[in-house]
Amino acid sequence: MNNPLQNYNPSDVGQINGNIFGLPFDYDSANLIIIPVPWEVTVSYGAGTANAPQRILDASPQLDLFDFDNPDGWKQGIFMMEIPQDMLDKNKYYRQQAATIIERLEQGKSLTDAPDLTSLLTEINQVCGNVNQWLFDKSQQAINDNKSVAVIGGDHSSPLGYMQALANNYSSYGILHIDAHADLRNAYEGFEFSHASIMYNVMKLAQITKLVQVGLRDICHDEVEIINQSNNRIVAYYDPIIKQKLYSGTTWIDLCKEIVGHLPEQVYISFDADGLDPKLCSNTGTPVPGGLELEQAYCLIREVVNSGRKIIGFDVCEVGDAEWDGNVGARVVLKLAYLMGLSNS
């Protein structure tokens, strides 16, 4: 087999070769497999995140590959699978169908009013379930091939199948969840696999021993109650409280150490772009003022590695359909890939 590193210079001009960051790896030679999931059928505000995998891929070759945490992190081998066009086509169709349900509910009307939309809701839930199964199968196959896996969404419903596959392979793990939203709603707007329900669904997995959420600032009463009644299985760091502590003199690094202290040995990172200050990803599906700076997020994840914990997987979701958002999203993916590689070295 040809050595992909033999004639590769990471300081050269980034190649547009179909692979993320222009890296010279394929599925067999890469250690980290990135699975794109261009799916946003249940988005309830702004659309466009289904195009994020393409936006991130397009932006990625112009990134420089040196990293201060893991200078040779690219050598682990990173390969992004082909964006499934059939999923994009289905997403476009079912996104339009879901919009009729959302519009009906926002008007305060019942889905059983004429025309009855309950069968359409059932169909959408089934199709979303099929996407979860598709991702579960792809992830499990990669894990069986001794690969690490990451997911690029789509909206935040996208990575559920991968988290289920990890639960199939780890007896226990925790999730570090960066987000403006708790995503703990039960079948939001009737959609079982809504972007606003991902963590509600994830917490059904007994293998998830801890969910630590950072940056929350747009949250409903029911979600706060779920957090408060979780017997500390869910730990929330609300953005206004984080900011108040920082304003009062607490250092971010000390807060990061405290946050990471709640996590078990095996950690999954779920990174929603709207957890960041919206100036960084203003075209995300549900932007909220406030949030983390990019380096604050990196500092937090760096502390996971510094603590000796292992990053077993990650997702990057809700990146908007715009050039700047794709640029930022590509940088987040690269940083997480490098830190994940470092934690497992």
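Here the structure is shown first, and the text comes after it.
Below or above, wherever it landed, is the structure these notes cover. Because the structure is a prediction, the values reported are computed rather than measured. (Residues numbered from 1 in each chain as written. Predicted model: local features only at pLDDT ≥ 70, side-chain atom pairs only at ≥ 80, totals over all residues. Heavy atoms only, no water.)

On a plain count of helices and strands, the protein chain comes out with 10 helices and eight strands. For the protein chain, whose C-alpha radius of gyration is 19 Å, the value lies close to the compact-globule estimate of 20 Å for 345 residues. Projected onto its principal axes, the C-alpha positions of the protein chain cover 65 × 50 × 40 Å. The contacts in the protein chain between residues at least 6 apart in sequence include a share of 76% that link residues at least 24 apart. On the protein chain, roughly 14600 Å² of surface is accessible, and the fraction owed to carbon and sulfur atoms is 47%. (Helix = DSSP H or I, 4+ residues; strand = E, 2+ residues; numbered from the N terminus. Rg over C-alpha atoms; globule rule 2.2 N^0.38 Å. Contact = heavy atoms within 4.5 Å. Areas by Shrake-Rupley, 256 points an atom, 1.4 Å probe, with all protein chains shown as cover.)

Two descriptors summarise a pair of aromatic rings, namely the distance from one centre to the other and the angle between the planes of the rings. All told, the structure shown has five aromatic pairs when counted by the stated rule. Taken together, a centroid distance of 4.8 Å and an interplanar angle of 85 degrees make the contact between Y93 and Y94 edge-to-face. Judged by relative accessible area, which is 12%, Y94 ranks as buried. We note K147 situated over the ring of Y27; from NZ or CZ to the ring centre the distance is 5.3 Å. In this structure, K335 packs its charged tip against the face of Y298, placed 5.5 Å from the ring centre. (Phe/Tyr/Trp six-rings, centres within 6.5 Å; stacked < 30°, edge-to-face > 60°. Buried < 20%, exposed > 50% of the residue type's maximum accessible area, 1.4 Å probe, protein only. Lys NZ or Arg CZ within 6 Å of the ring centre and 35° of its normal.)

All right, on to the pattern of salt bridges then. Per the counting criterion, the structure on display carries eight salt bridges. Here D72 ties to K75 by a salt bridge, and the two come within 4.0 Å at their closest N and O atoms. Of the charged contacts, one joins K279 and E293 as a salt bridge, the two residues approaching to 2.9 Å between their closest N and O atoms. With a gap of 14 residues between them, K279 in the loop between β7 (266-272) and α9 (294-306) and E293 in the loop between β7 and α9 connect regions that are remote in the sequence. Classification of E293 by relative accessible area gives partly exposed; the value is 33%. The structure contains a network of salt bridges with shared partners spanning D67, D69, R302 and K335. (Salt bridge = Lys/Arg side-chain N within 4 Å of Asp/Glu carboxyl O.)

So, on to the pairing of strand β1 (residues 32-37). Here β1 lies mainly inside the structure; six of its six residues are buried. Taken together, the three bridges between β1 and strand β2 (residues 78-80) define a ladder with parallel strand orientation. Bridge pairing in β2 links L32 to I78. With helix α1 (residues 52-59) bridging β1 and its parallel neighbour β2, the resulting β-α-β unit is right-handed. By the bridge criterion, six bridges tie β1 to strand β3 (residues 148-153) in an arrangement that is parallel. (Pairing = 2+ DSSP bridges. Right-handed = clockwise from strand over helix to strand, strands pointing away.)

Read across the sheet, eight strands follow the order β2-β1-β3-β8-β7-β4-β5-β6 without closing on themselves; strand pairing throughout is parallel. Sheet topology places β2 and β6 (234-238) at the edges, where each strand pairs with a single neighbour. When the angles between neighbouring strand axes are averaged without regard to direction, this sheet yields 15 degrees. For β3 and strand β8 (residues 310-317), the ladder comprises three bridges, and the chain directions are parallel. Residue pairing across strands places I152 opposite V316, the latter belonging to β8. Lying over the sheet, helix α4 (residues 160-169) contacts β3, β4 (173-178), β7 and β8, oriented at roughly 165 degrees with respect to β8. Here α9 sits on the sheet in contact with β4, β5 (208-216), β7 and β8, set at roughly 165 degrees to β4. (Axes fitted to C-alpha atoms, helices over the stretch in contact; angles between N-to-C directions.)

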